[in-house]
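Descriptive structure summary
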Protein chains: 2
Amino acid sequence: MSQTRRGFLRRVGIAGGAGVMLHSMGALGLTSAHAAETPPFTPPKKSDLGRHGRKTVIVMGGGIAGLTAAYELLKGGYDVTVLEGRDRPGGRNRTVRGGDTITDLKGQTQRATFSKGQYMNAGPGRIPQMHVTIDYCRELGVPIEVFTNQNADAFLYRENVPGALNGVPVRHRAAKADAYGYTAELLAKATDQGSLDQYLTAEDKERLLAYLRSVGAIGPRVAGDPAASFRYTGGGRRGYATQPGAGLESGTTIPPYAMSDLLASTVGNYFSFEMGFDQAMMMYQPVGGMDKIAYAFAAAIGARRMRYNAEIVEYRNTTSGVEVVYTTPAGPKKAFADFAINTIPPHIAARISSNLPTAVVTALGSVSVTNAGKIGIEYDRRWWEEDFRIYGGITNANTNLGNMWHPSYGYNGERGTMIGYYNTGGNANFYGNLTPAERLAEAVRQGKKIFGDVYGEGITASYSRDWASTRFSEGAWVGWPGAIGGQTGAAYRSLLEPTGNVYFAGDHLSHAIAWQHGAMVSARVAVESLHARVTAA
Amino acid sequence: MSQTRRGFLRRVGIAGGAGVMLHSMGALGLTSAHAAETPPFTPPKKSDLGRHGRKTVIVMGGGIAGLTAAYELLKGGYDVTVLEGRDRPGGRNRTVRGGDTITDLKGQTQRATFSKGQYMNAGPGRIPQMHVTIDYCRELGVPIEVFTNQNADAFLYRENVPGALNGVPVRHRAAKADAYGYTAELLAKATDQGSLDQYLTAEDKERLLAYLRSVGAIGPRVAGDPAASFRYTGGGRRGYATQPGAGLESGTTIPPYAMSDLLASTVGNYFSFEMGFDQAMMMYQPVGGMDKIAYAFAAAIGARRMRYNAEIVEYRNTTSGVEVVYTTPAGPKKAFADFAINTIPPHIAARISSNLPTAVVTALGSVSVTNAGKIGIEYDRRWWEEDFRIYGGITNANTNLGNMWHPSYGYNGERGTMIGYYNTGGNANFYGNLTPAERLAEAVRQGKKIFGDVYGEGITASYSRDWASTRFSEGAWVGWPGAIGGQTGAAYRSLLEPTGNVYFAGDHLSHAIAWQHGAMVSARVAVESLHARVTAA
């Protein structure tokens, strides 16, 4: 790339903010093979407004979509007010720390007593490196650190399955080594005996066998003995009973699990997770808690533009703009603006009094709502590191726990906070219907199956979040049922366009539902659309 | 586990220091299924010495083995002096920062000009969570952070290979998705057509097909059409041209590489790396540089016990102990002690004047020496993050670069330092024979093949290390040739026992050669052995 093109791109990057530079590179054909495209975005510029004058926008909801919209509009010269029902920014982006007192919709109050420096991200907890969330961290100066989304030494646990691995916690690395080993052996045998000749050239076959020996750590061909050829017999990849050490200690390996037991256990179904587009390592988190993003946005927007404890009770299109009624300590207050961007969860927005057409209200209310739950459990020592040598990562179980997160911060410290469960759907509802004390007791009972009695020892604090009973959220995320056309149907499409002067945004209007990325890119499209309308006038 | 047993174990842990607790748990049969055993170690206790009196020990060499030995001996009540040829502790554990001026054995001087906060680990750079190195970080209070040893978005690059992927940088995630997809397809076909019936029960077969659908993201069985069944056709795992975004943007996928091209490229041979016992994620590094470990050891040992610039020129067993002659600014000086622990690289130790038996000197000199090289290149912006969305991890190439490390610290910051190459053997020697300026030029020339012109832009500092021409190391690590019996032969075994009052330690006397873990566990065994002899007297 010439200095001139580079210089151009850097100027574009500086002027345009997050994301635009990568997109410009793609547009110039510079990165087709190399760079990963984030969704294009042309942020409004103050200079665009000119004769159009300064427009006012009410952003309904101060979650990630609302904060992104307000931030980009302000940079573009708009006069913005954010109305947020909670007493804080971020919406589902919620970090719980010691001292936080939170009452759910059932009237249950929890006061979190986590120690200083300990926290749990009750909502989003991880950021893929490909998401624009990372760009906003850079732009807002929010330091990031690795979120450990996979760990070879974390456990996979399956119960009520056939075979010898029923109820046996297995190290991720052991399960993977065995599964890759056995399948490499089988494929090598099939290849070598000619079963796949119609699909493979002779060259392919030899290259495939070389690959399988590497990826599966399998033995060589044994002349005249197909059954003994390419055997997988375990090895160091799966871990040691005693690891390689000094002198003559070359390591004591552990025999592999039997193939039939491994297949029957279905632990192998966890392997695809780490290959997912938005779950593959590397993943990141803000240092100190996910809400650092929300507070950085709010600081950039400015306190006077952020109205907290402002629950919206009514909103209407008028001939010249919008009017929004919201709560204040002194009673309901009415605000006026040229436009509104509605980022409220659709199933909640559908209940708010408005003069929107019935079809739009119906569309908002047509989503399916998924619940999710999380519990943070603080221990007085990091036994998963000290006793099990698990430094970060996720232990998976097919119990009601679902996923257990070993913390990605504070390694080797005095204390640590496990996410004892992160689950969705029925399991989340099961925990949600318990009291906080019952949730902890059940989570500990289940956790002991995997980690033993230590799981119940030295607990110094806990907090559990049930998103279905969380005010202003009433669920973890929403989906678009096939019956109404999913994300190509009329209901979904109707919210991609403004209704009068009201725009809609949120992760629910993206193909990255339940990710902050989805909220951000949806908000940016709403901002672009609004700005195009203003500047076309 | 009962509170009593737990209490016992915690007391053992507190009294015994790093590692002993895990071992005690293993000895009690508590962790056979769960915990990962580190090599056992019973550290000396001051109370053991009693009537045996206070013994003096000279530790020859202040690398990781020497520091570990000195630290554990001091805790056990010994009077220890460390003699180190360099002006600093750590040996091959070497972090290079701005201002460091280093002259190699060829007389070439490099002055590193890295910016504040930027550094490169010229020697060891990563710590597996299973290694005792982690325990010493905890015990010494050295904060750790994730070392990003794999990254789905880093590149794999192969040139001079057949097929369409020759000279094409491919994302790790794309190569892996395709390789897993195609092999799953092939194995599913072979399984379904009955080619493997002698190895699989009917239940195994159905379970295997379910597993392959998951791990390979392959299509379903097509009735009556084996060739069309279980097809791999790509998908989001391998990345997008445009990733899923707002509204109707569900993501634009990129077609998979052709199977024959993928096999011919041999990129799949990289996949096994991340499954290795000591390379699987999670991996860690000290915050701020690997030498934080060395300096923490040295601080715990105490400045008055650490003699720097003390090159050992002679050492001898005497009737009552050892005498060691070492350099000082005022000329050679002789030191006496009851024992010595010799941690000097064996091929260098073999050249030092001594009265050791010829067989022992021959054993020391019988090792094979491997070279390794690294270059750190500081850039004025983190283009791998900004342009390529690669946050940490390793890009691999079959060029003379070998491995390129994207830095695991300073994410989203103003500057960053790539490890432009980490290579061994012939490639290391090739770079080692160039001048530092030539090394940078060649590394940039090669790097541009993968990352384009940006690889040569905005370079603000660099430093390259050739371990073969590094004084007091003369290589990266050593091995034990099969011709002399490898690590079970007489030469190796002869150094596991003391020669008179001289003990030997170092990673070269372990099964974790080239790892700090190996140096540590070898040192601990030498300490145990010495202490057993003292207390048996």
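Computed from a predicted model, the values in this text were never measured in an experiment.

The rules we used
Residues numbered from 1 in each chain as written. Chains lettered and ligands numbered in written order. Predicted model: local features only at pLDDT ≥ 70, side-chain atom pairs only at ≥ 80, totals over all residues. Heavy atoms only, no water. Least-squares fit on C-alpha atoms with pLDDT ≥ 70 in both. Contact = heavy atoms within 4.5 Å. Helix = DSSP H or I, 4+ residues; strand = E, 2+ residues; numbered from the N terminus. Buried < 20%, exposed > 50% of the residue type's maximum accessible area, 1.4 Å probe, protein only. Pairing = 2+ DSSP bridges. Buried area = accessible area lost by both parts, 1.4 Å probe. Salt bridge = Lys/Arg side-chain N within 4 Å of Asp/Glu carboxyl O. Polar contact = N/O pair within 3.5 Å; in protein donor to acceptor, adjacent residues only side chain to side chain. Nonpolar A, V, L, I, M, F, W, Y, C, P; charged D, E, K, R; others polar. Phe/Tyr/Trp six-rings, centres within 6.5 Å; stacked < 30°, edge-to-face > 60°. Lys NZ or Arg CZ within 6 Å of the ring centre and 35° of its normal. pLDDT = per-residue confidence, 0-100. 1 Å grid on protein atoms, 1.4 Å probe; cavity = no way out; pocket = protein on both sides within 12 Å on 5 of 7 lines; lining within 4 Å. Points joined across faces, edges and corners; volume = space filled by probe spheres on them. Core = buried A, V, L, I, M, F, W, Y, C linked by side-chain atoms within 4.5 Å. UniProt positions renumbered as here; feature names shortened; annotations may be inferred. Axes fitted to C-alpha atoms, helices over the stretch in contact; angles between N-to-C directions. Parallel < 35°, antiparallel > 145°, perpendicular 65-115°, else oblique. Left-handed = near helix turned anticlockwise from the far one by under 90°.

Right, let's talk about the relation of the copies chain A and chain B for a bit. Both copies of the chain are placed relative to one another by a rotation about an axis and a shift along it. When chain A is fitted to chain B, the best match, at an RMSD of 0.0 Å, comes from turning it 180 degrees and sliding it 0.0 Å along the axis. Taken together, the turn and the small shift mark the pair as related by a two-fold rotation axis. Considering only C-alpha atoms, the residue of chain A closest to the rotation axis is Leu187 of chain A, which sits at 2.7 Å. The residues that chain A uses at the interface reappear at the interface of chain B in 100% of cases, marking a shared surface.

Moving on, we get to unusual backbone geometry. Backbone torsion omega between Met281 of chain A and Met282 of chain A reads 10 degrees, so that peptide bond is classified as cis. The topology assignment puts Met282 of chain A in the loop between helix H8 (259-265) and strand E13 (283-286). Backbone geometry places Asn309 of chain B, a non-glycine residue, at a positive phi of 55 degrees. Considering the arrangement of structural elements, one finds Asn309 of chain B in the loop between strand E14 (306-307) and strand E15 (312-317). Judged by its relative accessible area of 46%, Asn309 of chain B falls in the partly exposed class.

This brings us to the pairing of strand E24 (residues 416-424) of chain A. Residues and elements named next belong to chain A. Extensive coverage of E24 is indicated by the burial of eight of its nine residues. Pairing of strand E21 (residues 372-379) with E24, which is carried by eight bridges, proceeds in the antiparallel orientation. Residue pairing for E24: Glu378 is matched across the bridge by Thr417. The pairing of strand E23 (residues 403-406) with E24 spans two bridges and is classified as antiparallel. By the bridge assignment, Asn403 is partnered in E24 with Tyr422.

With that settled, the discussion passes to the interface of chain A and chain B. Often the size quoted for an interface is simply the accessible area lost on bringing the parts together. On the chain B side, the residues contacting the 114 residues of chain A number 114 residues. For the chain A and chain B pair, buried surface summed over both sides reaches about 9,900 Å², with 57% attributable to carbon and sulfur atoms. Counting across the interface, chain A meets chain B through two salt bridges. The tally of links from chain A across to chain B stands at 45 residue pairs in polar contact (both at pLDDT 80 or more). In terms of residue class, the side of chain A that touches chain B is built from 60 nonpolar, 32 polar and 22 charged.

Relative to the helices and strands, Gln243 of chain B resides in the loop between strand E11 (240-242) and strand E12 (252-253). Within polar-contact distance, the side chain of Gln243 of chain B engages the backbone oxygen of Met130 of chain A at 2.5 Å.

Turning next to the packing of aromatic side chains. Taken as a whole and assessed by the stated rule, the structure comprises 55 aromatic pairs over all chains. Measuring from ring centre to ring centre gives 5.1 Å for Trp383 of chain B and Trp384 of chain B, while their planes differ by 85 degrees; the resulting arrangement is edge-to-face. Both residues of the pair, Trp383 of chain B and Trp384 of chain B, belong to the buried class. A network of ring pairs unites the aromatic residues Phe155, Tyr379, Trp383, Trp384, Phe388, Phe451 and Tyr455 of chain A as a single cluster. The residue whose ring lies beneath Lys189 of chain A is Tyr199 of chain B, and the NZ or CZ to ring-centre distance is 4.4 Å.

Moving on, we get to the confidence of the model for chain A. Residue and element names in this part refer to chain A. Residues at a pLDDT of 70 or more form 93% of chain A, whose mean pLDDT is 93. With pLDDT under 50 throughout, residues 1-34 is counted as low confidence; its partners more than four residues away or in other chains account for 62 contacts. For this predicted complex, the interface confidence reaches an ipTM of 0.93, while the overall pTM sits at 0.93.

To continue, consider the sheet that holds strand E16 (residues 322-326) of chain A. Taking strand neighbours across the sheet as the criterion, the four strands line up as E17-E16-E15-E19 (chain A) in an open arrangement whose pairing is mixed. Single-partner strands in this sheet number two, and they are strand E17 (333-337) and strand E19 (353-354) of chain A.

With that settled, consider the sheet that holds strand E16 (residues 322-326) of chain B. The four strands lie next to each other as E17-E16-E15-E19 (chain B), forming an open sheet whose pairing is mixed. Two strands close off the open sheet at either side, each with one partner strand: strand E17 (333-337) and strand E19 (353-354) of chain B.

Turning our eyes to something else, we now look at the environment of Tyr431 of chain B. All names here are of chain B. Here Tyr431 is to be found in helix H13 (residues 425-432). With a relative accessible area of 1%, Tyr431 lands in the buried category. In contact with Tyr431, other than residues within four places in its own chain, are Asn400, Leu401, Tyr421, Asn423, Arg439, Glu442, Ala443 and Gln446.

According to the stated counting rule, one finds eight cavities of 30 Å³ or more in the structure shown. By volume, the largest cavity amounts to about 180 Å³. Together, 14 residues line the largest cavity, and Tyr180 and Thr183 of chain A together with Tyr180, Thr183 and Ala184 of chain B are the ones closest to its centre. When residues of the lining of the largest cavity are traced back to their parent elements, those giving at least two are helix H6 (172-192) and helix H7 (202-216) of chain A together with helix H6 (172-192) and helix H7 (202-216) of chain B. Its residues placed into classes, the lining of the largest cavity shows 12 nonpolar, two polar and no charged.

We now examine the nonpolar core. Across soluble globular proteins, nonpolar side chains show a tendency to be buried alongside one another. Ile293 and Ile341 of chain A together with Ile293 and Ile341 of chain B are the most contacted members of the largest nonpolar core, which has 138 residues in total. With near-sequence residues (within four places) excluded, Ile341 of chain A lies in contact with Val57, Ile58, Val59, Met60, Ala69, Leu73, Tyr503, Ala505, Ala526, Val527 and Leu530 of chain A. Counting 62 residues, the second-largest nonpolar core is a separate cluster that includes Phe230 of chain A together with Ala179, Leu200 and Leu262 of chain B.

Bringing the UniProt feature "domain: Amine oxidase" (unreviewed entry) in chain A into the picture now. In the numbering adopted here, UniProt assigns the feature "domain: Amine oxidase" (unreviewed entry) to residues 64-528 of chain A. The span residues 64-528 of chain A is 29% helix and 22% strand, and its two end C-alpha atoms sit 17 Å from each other.

Direction vectors running N to C along H6 of chain A and H7 of chain B enclose 110 degrees, while the axes themselves pass 13 Å from each other. With respect to each other, H6 of chain A and H7 of chain B are oriented roughly perpendicular. Contacts between H6 of chain A and H7 of chain B involve Ala179, Tyr180, Thr183 and Leu186 of chain A from the former and Leu208, Tyr211, Leu212 and Val215 of chain B from the latter. Grouping the constituent residues of the contact of H6 of chain A with H7 of chain B by class yields seven nonpolar, one polar and no charged.

Residues and elements named next belong to chain A. As a packed pair, helix H4 (residues 64-75) and helix H5 (residues 132-140) sit with axes 13 Å apart at the nearest point and diverge in direction by 50 degrees. When the interaxial angle is binned, H4 and H5 end up oblique. The element H4 and its partner H5 pack so that their crossing is left-handed. Residues Thr68, Tyr71, Glu72 and Lys75 of H4 form the contact with H5, whose own contacting residues are Tyr136, Glu139 and Leu140. Residue classes in the contact of H4 with H5 are distributed as three nonpolar, one polar and three charged.

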